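The primary structure of each chain is shown beneath.
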Amino acid sequence: MAAVASPNPSITKPPSISHPFQQRTTLLPRFTLPIASNPQKRHRLHISNVLSDSKPTTSHSPLPAEPFVSRFAPDQPRKGSDVLVEALEREGVTDVFAYPGGASMEIHQALTRSSIIRNVLPRHEQGGVFAAEGYARASGLPGVCIATSGPGATNLVSGLADALLDSVPIVAITGQVPRRMIGTDAFQETPIVEVTRSITKHNYLVLDVEDIPRIVREAFYLASSGRPGPVLIDVPKDIQQQLVVPKWDEPMRLPGYLSRLPKPPNDVHLEQIIRLIKESKKPVLYTGGGCLDSSVELRRFVELTGIPVASTLMGLGAYPASDDLSLQMLGMHGTVYANYAVDKSDLLLAFGVRFDDRVTGKLEAFASRAKIVHIDIDSAEIGKNKQPHVSVCGDIKIALQGLNKILEEKSEMKNLDFSSWRKELDEQKSTHPLTFKTFGDAIPPQYAIQVLDELTGGNAIISTGVGQHQMWAAQFYKYNRPRQWLTSGGLGAMGFGLPAAIGAAVARPGAIVVDIDGDGSFMMNVQELATIRVENLPVKILLLNNQHLGMVVQWEDRFYKANRAHTYLGNPEKESEIFPNMLKFAEACDIPAARVTKIGDLRAAIQKMLDTPGPYLLDVIVPHQEHVLPMIPAGGGFMDVITDGDGRMKY
């Protein structure tokens, strides 16, 4: 909801707490019921309410915070834009993705006066917000993007919606026309607070320059605590220009929000979950994006119980995909054995998930034989799609810590034996492995990703666009650590991959970052090649180019008698040629590039891409007839799974 900033808060200064970061794939953020979040230290906060029954924990011994040194004297008036930039600095921000315009010029001028914050200049505001998302997804810290009013602000909309659906902490700052002109249809005026009301976790219109320090502090806390999400701050230009002596010790004013944050789990509920595990014969873990910050605890839980793990698209990497107990991804394009396990299970442990339609298919048929345990930080998700038998609303990290403690202390839980169940699933793995066919010299797109996995040792950070290449990247690259996998899950926003890779490269400068993209998605934000070159970011682009909108073509093949309805992206007058020539885009931005068309040349081409310093584009020509398999049609159940066929067949 929008909040109008009001002046002169009169609340006493409370103790400091650190920011929680819990990543989740989900819809709208609402908070109630038990559990405290997992704080990772990045910012120091002064808040006016203290969570009861919960003490913040950190993964390391807390060090004394060094006092922030301002470039202004304490009593020196400065512009609101300088206050805004210093507020970002005080939150620990070192990188922003900002594109200037008339209503945000003052902010950019203030950024040039900062010795702490670097601006990575995108070439489109959508590129900026997707880059901020990539930064947040790769690091777990809030990403920051800035845009001007009007079209600059509306260009952020897809990224904000994406961040809300995938629970990504983002702080978006927009310039706005001066206060006196709001509502007059002024040049480049849009009511961005109203536009984004339903696609942000919270948003602000700043009407008093003195509120900037408090609002920025609240925005970062809201974005990263509880169930993370995007927060927007709209700052009129006259507020940016107004002189003020800021008050940095104003406390946050979020009493309602803080009182509804989940509390620690009840031991009775945890004991009940342990009892269900003991009684089960065929348990399965169904883990999602909510587990990304609980990977250590999740691995320990699996070690203690021996329960196999199926992951959602957003949860990939929370549990190592190469482990014997991993069933990899479940859902519409999940493995046969992951979907088999859920279908045959008698206990489904749903941790940090939201029972998304692309996972469940037909809800009545999903895990129909199982008792369901649902742990999630957002109370709105409990029972929303599937009614659980036992539910805990809270931080999965703390819940897993509690479950692990009980498992370690109870001697009878050391004798859990699910070996016959695992043997049954191993047989399914042998019978229905992920496979693909080869046709002469043509390069199977699945094979290209498999080779990339081998040559990078499974250690790269992978971003993707949306479509077939996204699903193949989820299936054939083995993610063994959290925050390796960056993709637009809930919104399915094409054009996400390239700018997200920029954000990841900024957040993790020592990492190998590869954008596995399709030609359709790549074209949607191709202008960000210029940003990659100017910033000299070592982003590698593995472009699986089939000259079509592959996933839509697959549905045309399966359900529309292969009738092509505007899904061909090449030049109809020269179908034998690759169009557009992606190498020319790279050349225009002075980025090394190559094309590979034969399977025999692929491995050497990918190795050259990885060995070349800086950015590189590899255009891999693949057949458009390939289908992503397995596939459970929308609204279907496990019994409807499709495991064979492609565009070379008629249906």
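About the criteria used
Each chain carries its own residue numbering, running from 1 in the written order of its sequence. Since the coordinates come from a predicted model, pLDDT governs what is reported: local features require at least 70, and pairs of side-chain atoms require 80 or more to be given and counted, while whole-chain, interface and lining totals use all residues. Values reported for side chains reflect all heavy atoms of the structure, with hydrogen atoms and water molecules removed beforehand. Helix and strand definitions follow DSSP, with helices as H or I runs of at least four residues and strands as E runs of at least two, each counted in order from the N terminus. For the radius of gyration, the atom set is restricted to C-alpha positions; the globular benchmark scales as 2.2 Å times the number of residues to the power 0.38. When a residue's accessible area, from a 1.4 Å probe over protein chains only, is under 20% of the maximum for its type it is buried; when over 50% it is exposed; and in between it is partly exposed. Between two residues, a contact is recorded if the distance between any of their heavy atoms is within 4.5 Å. Only the protein chains shown count as cover for residues, with accessible areas throughout obtained via the Shrake-Rupley method and a probe of 1.4 Å. Note on charges: Lys and Arg go in the positive column, Asp and Glu in the negative column, and His and the chain ends are not counted at all. For this purpose, a charge sits on NZ of Lys, CZ of Arg, CG of Asp or CD of Glu. By convention in these notes, a salt bridge is any Lys or Arg side-chain nitrogen within 4 Å of a carboxyl oxygen on Asp or Glu. As a per-residue quantity, pLDDT reports the predictor's confidence and falls between 0 and 100. Put simply, buried Ala, Val, Leu, Ile, Met, Phe, Trp, Tyr and Cys residues joined by side-chain atoms within 4.5 Å make one nonpolar core. In short, DSSP must find at least two bridges between two strands for them to pair. Whether a crossover is right-handed depends on one test, that the path from the first strand over the helix to the second runs clockwise when the strands point away from the viewer. A pair of Phe, Tyr and Trp rings is counted when the ring centres sit within 6.5 Å of each other, with Trp represented by its six-membered ring. The angle between the planes then sorts it: under 30 degrees is stacked, over 60 is edge-to-face, the rest tilted. In our convention, an over-ring charge means Lys NZ or Arg CZ found within 6 Å of a ring centre and within 35 degrees of that ring's normal. Inter-axis angles, ranging from 0 to 180 degrees, are taken between N-to-C directions of lines fitted to C-alpha atoms, where helices are fitted over the stretch in contact. Should an angle fall under 35 degrees it is taken as roughly parallel, and over 145 as roughly antiparallel, whereas 65 to 115 is taken as roughly perpendicular and any remaining angle as oblique. Crossing handedness follows the turn of the near helix against the far one: under a right angle anticlockwise gives a left-handed crossing, and clockwise gives a right-handed one. Three classes are used: nonpolar for Ala, Val, Leu, Ile, Met, Phe, Trp, Tyr, Cys and Pro, charged for Asp, Glu, Lys and Arg, and polar for all others, with Gly counted as polar.

*Asks:* What exactly am I supposed to notice about the overall build of the protein chain here?
*Replies:* The secondary structure content of the protein chain amounts to 23 helices and 23 strands. A compact globule built from 651 residues should have a C-alpha radius of gyration of about 26 Å, and the protein chain, at 25 Å, falls within 12% of that. In the protein chain, which comprises 651 residues, the proportion classed as buried is 60%. Contacts spanning at least 24 positions in sequence make up 76% of the contacts within the protein chain whose residues lie at least 6 apart. On the protein chain, roughly 24700 Å² of surface is accessible, and the fraction owed to carbon and sulfur atoms is 53%. Between the centroid of the 66 positive side chains of the protein chain and the centroid of its 70 negative side chains there is a distance of 3 Å.

*Asks:* Please explain the pattern of salt bridges as it appears in this structure.
*Replies:* Where charged atoms from two side chains of opposite charge approach closely, those side chains can pair. Within the structure shown, the criterion is met by 37 salt bridges. Here Arg 564 ties to Glu 556 by a salt bridge, and the two come within 3.2 Å at their closest N and O atoms. Looking at Arg 564, the relative accessible area reads 33%, which means it is partly exposed. A relative accessible area of 5% places Glu 556 in the buried class. Among the charged side chains, a network of salt bridges with common partners joins Arg 71, Asp 82, Glu 89 and Arg 113.

*Asks:* I tried to follow the confidence of the model for the protein chain on my own but got confused; where do I start?
*Replies:* Close inspection of predicted coordinates is inappropriate in any region flagged by low pLDDT. Counting all residues, the mean pLDDT for the protein chain is 91, and 90% of those residues have values of 70 or more. For the stretch residues 1-62, pLDDT sits under 50, and the model shows 234 contacts to residues farther than four places along the chain or on other chains.

*Asks:* Sorry if this is basic, but what is going on with the nonpolar core here?
*Replies:* Most often, soluble globular proteins have nonpolar side chains that are buried together. Judged by nonpolar contacts, the single largest core of 55 residues is most densely connected at Ile 273, Ile 277, Phe 301, Leu 348, Leu 349 and Phe 351. With 50 residues, the next largest nonpolar core counts Cys 145, Phe 496, Ala 504 and Val 513 among its residues.

*Asks:* Any chance you could explain the pairing of strand β9 (residues 202-205) here in plain terms?
*Replies:* Successive residues of a regular strand alternate their side chains across the two faces of the sheet. Burial along β9 is two-sided: His 202 and Tyr 204 facing one way and Asn 203 and Leu 205 facing the other are all buried. For β9 and strand β10 (residues 230-236), the ladder comprises four bridges, and the chain directions are parallel. In the sheet register, Leu 205 faces β10, and the bridge partner there is Asp 234. Assessed by its sense of winding, the connection that carries the chain from β9 through helix α7 (residues 212-224) to β10 is right-handed.

*Asks:* In this structure, what is going on with the packing of aromatic side chains? I would like to understand it.
*Replies:* For any pair of aromatic rings, geometry is given as the distance between the ring centres together with the angle between the planes. Per the counting criterion, the structure on display carries 13 aromatic pairs. Judged by centre distance (6.1 Å) and plane angle (70°), the ring pair of Tyr 340 and Phe 638 falls under edge-to-face. Within this pair, whereas Tyr 340 is found in helix α12 (residues 336-344), its partner Phe 638 is found in the segment after β23 (616-621), the two being separated by 298 residues in sequence. Across this residue pair, the class does not change: Tyr 340 and Phe 638 are buried. Three or more aromatic residues joined by ring pairs form one cluster here, namely Tyr 286, Phe 355 and Phe 366. We note Arg 90 situated over the ring of Trp 248; from NZ or CZ to the ring centre the distance is 4.1 Å. Taking the ring centre of Phe 439 as reference, the NZ or CZ of Arg 648 above it sits at 3.6 Å.

*Asks:* Even after reading the chapter, I still don't get the sheet that holds strand β13 (residues 309-311), so can you show me in this structure?
*Replies:* Pairing between sheet strands relies on hydrogen bonds along the backbone, with the strands arranged either parallel or antiparallel. The sheet built from six strands is open, its strands ordered β14-β13-β12-β15-β16-β17 with parallel pairing. Each end of this open sheet is capped by a strand with a single partner; those strands are β14 (326-329) and β17 (390-393). With direction set aside, neighbouring strand axes in the sheet form an average angle of 15°. Sheet topology note: the β13/β14 ladder contains two bridges and is parallel. Following the sheet pairing, Val 309 is matched in β14 by Ser 326. The strands that helix α10 (residues 267-279) touches are β15 (347-351), β16 (371-376) and β17; relative to β17, the one it contacts most, it runs at about 140°.

*Asks:* I tried to follow the side chain of Asn 545 on my own but got confused; where do I start?
*Replies:* Along the chain, Asn 545 falls in strand β21 (residues 539-545). On the basis of relative accessibility, which here comes to 0%, the residue Asn 545 falls in the buried class. Asn 545 has contacts with Asp 519, Ile 578, Met 582, Asp 619, Val 620, Ile 621 and Val 622, leaving out every residue within four places of it along the chain.

*Asks:* Help me understand the pairing of β15 in this model?
*Replies:* Among the five residues in β15, five count as buried, and that is most of the element. Burial of the side chains of β15 extends over both faces: Leu 347, Leu 349 and Phe 351 are buried on one face and Leu 348 and Ala 350 on the other. Both strand β12 (residues 283-287) and β15 contribute to a ladder of five bridges, which runs parallel. Each residue of the ladder has a partner; that of Val 284, found in β15, is Leu 348. One ladder, built from five bridges, connects β15 with β16; its direction is parallel. When the sheet's bridge partners are listed, Phe 351 is paired in β16 with Ile 375.

*Asks:* What is the right way to look at the packing of helix α11 (residues 295-305) against helix α14 (residues 396-409) in this model?
*Replies:* Axis angle and axis distance: for two packed helices, these are the angle between their axes and the distance between the axes, and together they describe the pair. The geometry of α11 relative to α14 is characterised by a closest axis approach of 9 Å and an angle of 30° between their N-to-C directions. Comparing the axis directions of α11 and α14 gives the class roughly parallel. In terms of crossing hand, the pair formed by α11 and α14 is left-handed. On α14, the residues that touch Glu 297, Leu 298, Arg 300, Phe 301, Leu 304 and Thr 305 of α11 are Lys 397, Leu 400, Gln 401, Leu 403, Asn 404, Leu 407 and Glu 408. The residue makeup of the contact of α11 with α14, split by class, is six nonpolar, three polar and four charged.

*Asks:* Which parts of the structure should I look at to understand the packing of helix α3 (residues 125-139) against helix α18 (residues 497-507)?
*Replies:* It is at 6 Å that the axes of α3 and α18 come closest, and there the two elements cross at 45°. On the basis of the axis angle, α3 is oblique to α18. The two elements α3 and α18 cross, and the hand of that crossing is right-handed. Seen from α3, the contacting residues are Gly 127, Phe 130, Ala 131, Gly 134, Tyr 135, Ala 138 and Ser 139; seen from α18, they are Pro 499, Ala 500, Ile 502, Gly 503, Ala 504, Val 506 and Ala 507.

*Asks:* Can you walk me through the sheet that holds strand β19 (residues 485-486) in this structure?
*Replies:* Sheet architecture is open: six strands sit in the order β19-β18-β20-β21-β23-β22, paired in parallel fashion. Only two strands of the sheet have a single neighbouring strand rather than two, namely β19 and β22 (593-596). Bridge count between strand β18 (residues 461-464) and β19: two bridges; the pairing is parallel. Bridge pairing links Ile 462 to Trp 485 in β19. The strands that helix α16 (residues 445-456) touches are β18, β20 (513-518) and β21; relative to β21, the one it contacts most, it runs at about 160°. Taken strand by strand, helix α23 (residues 599-611) contacts β21, β22 and β23, and its axis lies near 165° from that of β23.

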